[in-house]
Amino acid sequence: MEKIKIFLVEDEIVIRNGIKSGIEWEAEGYEFVGEASDGELAYPMILKEKPDILITDIRMPFMDGLELSRLVKQEFPDIKILILSGYDEFDYAKAAIKLGVTEYLLKPVSASKLLESLRGVSELIRQERGEKELLMRYSEEMRENTEHEKLKFFSQLISGELSMAEAIETGKQYGMNLTAPVYGVMLFKVFGGTGKEKQPGNLVEVCERLEEIVEKTEYAYSFQRGVDGWAYLLTAEDERQMEERIRNLARQIKELMDGYREVEYFGGIGSLALRLRELPKAFADADHAFSGRFISALNQFVKVGELKQLQEPGDFEVKGFGEIERTRTSVEKFLNNGTQEEVESFARAYVDEMPVENFKSTLMRQYIIMDIYIIIMTFCEKMGVSDDDFQNEAEDFKDAVQKVHTVKEIEDYMRRLVGRAIELRDAVSGRRYTDIIEAAKEQIENTYMSEDISLNTVAAKVGMSPSYFSSVFSREMGKTFVEYLTAIRMDKAKELLMCSPMKTSEIGYEVGYKDPHYFSYIFKKTQGCSPKEYRARRKE
């Protein structure tokens, strides 16, 4: 058991030595970490040693016990303070109580009396430590919920909904210091397909190590975006430092990814924002660069404005009818592996990277529209989609050939057509995440009693990245993974509490909680009463 640290401040040397030598600190479970004759000498020593209990005389030269207690409480709100005082210092005692002093002992105090008080305070400290540990464990388990809340916050930042004061204050809730002269946005994703059979086995490990990198990078904050991977928000003191920090983070990620050749990745880097309200533009630029994942080679970071230079030969640079054929591969690849959530980004990337000259000719525009339609219809035919399912799209195609004139109209047309194709693809193949969700539910049902079950282990089982799986699961089930798992465990626990003679600790172990205290903590937090109180209902 971790020893409780004691610091003593007393100006009378006889009393100080008597307290110091009158108790066998180690034997009693304490660590005596320091002493001082007044508050001025004691304060810097206390800041260094960080004691759990401060024993201090109330009246001392230079800085008295009250002033010392006030300063120490500001730095260490949880510290316990024992005040030593004479009979004629009642006003001081009242002031000490207001400061949150734990104990008030009258001089002279015997070793046995001091030990008695210390034991009571120590028990309070251990109880608080236990509660903090339970809360920290609960917070870690509920991290998935926190990530969902963080993503909402990020959405507010990039939409300009928050004032600077609101953004900074909300950021503090998530441990983010958003007070900075310069901001940057980087979007990043690892690839392994959407189906179990297409996911590399190291995908979950890669995601965990990526998160570790950003957690250790004090100037970068991570937001999980589900199917879209991560958004990284960076802060810096000036533009030069920001450029350096972006390069540094990209380099760290690249070095990590180089160790996982079977996992592909892509990153998009936006323009710099010189104030928080410019974040929407920085994000839009990063998103445009990030759309290069559809049209450029993977395993690279792309800055906004670099897509055309980084295209592979023939990717999207269309100079004539023959060159348009080369776009088929990208469209077909997206139809096979893309998701409904990515349709808008893909359609925008497809159109943005075409030379404007291709849209000036009516014949070229019609050819592009016809080509898109033929690719999609051929894909749907292979998938077994009936003509009736695509009847409205066929009518839409006839109108598009005659009426679509602008780049925006072609983008809208492609978005509708590709979105409908993926919708039908998922319906026909049963890939609307039904198989993934059912596999996850089966895994939870079979292993909920294991303490090792987690979002990451189940994500690995169904072949998805944790962020992507969390997004899909919460959307399809209406609750997060950890909420669903906890509900399963609590239902089993309530059943055992009512229908079995098992002890509470045994029931907690049976449903996946090896620590009985943590089981009771979770049960009370979710059910509103302790396991014992719940069990007592069967006697009513």
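Data block above holds the structure.
If you're wondering where the values come from, they're calculated on a predicted model, not measured in any experiment.

Draft legend 1. Representation of the nonpolar core within the structure. With 37 residues, the main nonpolar core has Ile 444, Phe 469, Phe 473, Phe 481, Phe 519 and Phe 523 as its most contacted residues. Of all elements in the fold, only helix H5 (111-141), helix H18 (434-447), helix H19 (455-462), helix H20 (466-477), helix H21 (481-499) and helix H23 (516-527) reach the threshold of two or more residues within this core. With residues near it in sequence (within four places) discarded, Phe 469 still touches Ala 440, Leu 455, Val 458, Ala 459, Val 462, Met 464 and Phe 481.

Draft legend 2. Representation of the environment of Leu 8 within the structure. Among the secondary structure elements, Leu 8 is positioned in strand S1 (residues 4-9). Ignoring anything within four residues of it in the chain, the contact list for Leu 8 reads Arg 16, Ile 19, Lys 20, Phe 32, Gly 34, Glu 35, Ala 36 and Ile 55.

Draft legend 3. Geometry of the sheet that holds S1. The 5 strands lie next to each other as S2-S1-S3-S4-S5, forming an open sheet whose pairing is parallel. Single-partner strands in this sheet number two, and they are strand S2 (30-36) and strand S5 (103-106). Averaged over all adjacent pairs, the angle separating strand axes in this sheet is 20°, with direction ignored. Bridge count for S1 against S2 is 6 bridges, and the pairing is parallel.

Draft legend 4. Up close: the packing of H18 against H21. For the pair H18 and H21, the least separation of the axes is 10 Å and the interaxial angle reads 40°. Accordingly, the angle class assigned to the pair H18 and H21 is oblique. Judged by the sense of rotation from one axis to the other, the crossing of H18 with H21 is right-handed. Residues Lys 441, Ile 444 and Glu 445 of H18 form the contact with H21, whose participating residues are Phe 481, Tyr 484, Leu 485, Ile 488 and Lys 492. For the contact of H18 with H21, the class distribution of residues is 5 nonpolar, no polar and 3 charged.

Draft legend 5. Just the pattern of salt bridges, in detail. Evaluation of the coordinates by the stated rule reveals 28 salt bridges. Linking Asp 52 and Arg 129 is a salt bridge whose minimum nitrogen-to-oxygen distance equals 3.0 Å. Separated by 77 residues along the polypeptide, Asp 52 in the loop between helix H2 (39-49) and strand S3 (53-57) and Arg 129 in helix H5 bring together distant segments of the chain. When its relative accessible area of 17% is taken as the criterion, Asp 52 is described as buried. The partner of Asp 228 in a salt bridge is Arg 225, with the nearest N and O atoms 3.9 Å apart. Here the two residues Asp 228 and Arg 225 agree in accessibility, since each one is buried. Salt bridges linked by common partners bring Lys 189, Arg 225, Asp 228, Arg 293 and Glu 342 together as one network.

Draft legend 6. Quick look at the sheet that holds strand S8 (residues 230-236). The strand order across the open sheet built from 5 strands is S7-S8-S6-S9-S10, with neighbouring strands paired in mixed fashion. Two strands bound the open sheet, and with one partner strand each, they are strand S7 (220-224) and strand S10 (300-303). The mean inter-strand angle of the sheet, taken between neighbouring strand axes irrespective of direction, is 20°. Bridge count between strand S6 (residues 182-191) and S8: 7 bridges; the pairing is antiparallel. Note that in S8 the partner of Met 186 across the bridge is Tyr 232.

Draft legend 7. Here's a closer look at the packing of aromatic side chains. Scanning the entire structure with this criterion turns up 22 aromatic pairs. Taking 6.1 Å as the distance between ring centres and 75° as the angle between the ring planes, the aromatic pair formed by Phe 473 and Phe 481 counts as edge-to-face. Taken as a pair, Phe 473 and Phe 481 share a single burial class, namely buried. These aromatic residues form a ring-pair network of at least three members: Tyr 513, Tyr 518, Phe 519, Tyr 521, Phe 523 and Tyr 534. Positioned above the aromatic ring of Phe 223 is the side chain of Lys 150, whose terminal nitrogen or guanidinium carbon lies 5.7 Å from the ring centre. Here the basic side chain of Lys 514 rests over the ring of Tyr 509, its NZ or CZ set 4.1 Å away from the ring centre.

Draft legend 8. View of unusual backbone geometry. The backbone of Lys 50 sits at a positive phi, close to 50°, despite the residue not being glycine. You can see Lys 50 is positioned in the loop between H2 and S3. Residue Lys 50 is classed as partly exposed on the basis of its relative accessible area, which comes to 47%. In this structure, Asn 299 is a non-glycine residue whose phi angle is positive, near 60°. With respect to the helices, strands and loops of the structure, Asn 299 is situated in the loop between helix H10 (279-290) and S10. Residue classification places Asn 299 among the partly exposed positions, given a relative accessible area of 36%.

Draft legend 9. Region of the structure containing helix H14 (residues 343-352). Across the 10 residues of H14, 8 count as buried, placing the element largely inside the fold. Within H14 the residues assigned to the buried category are Val 343, Ser 345, Phe 346, Ala 347, Arg 348, Ala 349, Tyr 350 and Val 351.

Draft legend 10. View of the pairing of strand S4 (residues 80-85). For S4, a buried count of 6 out of 6 residues is recorded, marking the element as mostly surrounded by other parts of the structure. Of the two faces of S4, the one holding Lys 80, Leu 82 and Leu 84 and the one holding Ile 81, Ile 83 and Ser 85 are both buried throughout. For S3 and S4, the ladder comprises 5 bridges, and the chain directions are parallel. Opposite Ile 53, over in S4, you have Lys 80 as the bridge partner. A crossover connection joins S3 to the parallel S4 through helix H3 (residues 65-75); in handedness this β-α-β unit is right-handed. The sheet contact formed by S4 and S5 spans 4 bridges and is parallel. What sits directly across from Leu 82, in S5, is Glu 103.

The rules behind each value
Residues numbered from 1 in each chain as written. Predicted model: local features only at pLDDT ≥ 70, side-chain atom pairs only at ≥ 80, totals over all residues. Heavy atoms only, no water. Core = buried A, V, L, I, M, F, W, Y, C linked by side-chain atoms within 4.5 Å. Buried < 20%, exposed > 50% of the residue type's maximum accessible area, 1.4 Å probe, protein only. Helix = DSSP H or I, 4+ residues; strand = E, 2+ residues; numbered from the N terminus. Contact = heavy atoms within 4.5 Å. Pairing = 2+ DSSP bridges. Axes fitted to C-alpha atoms, helices over the stretch in contact; angles between N-to-C directions. Parallel < 35°, antiparallel > 145°, perpendicular 65-115°, else oblique. Left-handed = near helix turned anticlockwise from the far one by under 90°. Nonpolar A, V, L, I, M, F, W, Y, C, P; charged D, E, K, R; others polar. Salt bridge = Lys/Arg side-chain N within 4 Å of Asp/Glu carboxyl O. Phe/Tyr/Trp six-rings, centres within 6.5 Å; stacked < 30°, edge-to-face > 60°. Lys NZ or Arg CZ within 6 Å of the ring centre and 35° of its normal. Right-handed = clockwise from strand over helix to strand, strands pointing away.

Function cannot be read off these values alone, since they describe shape.
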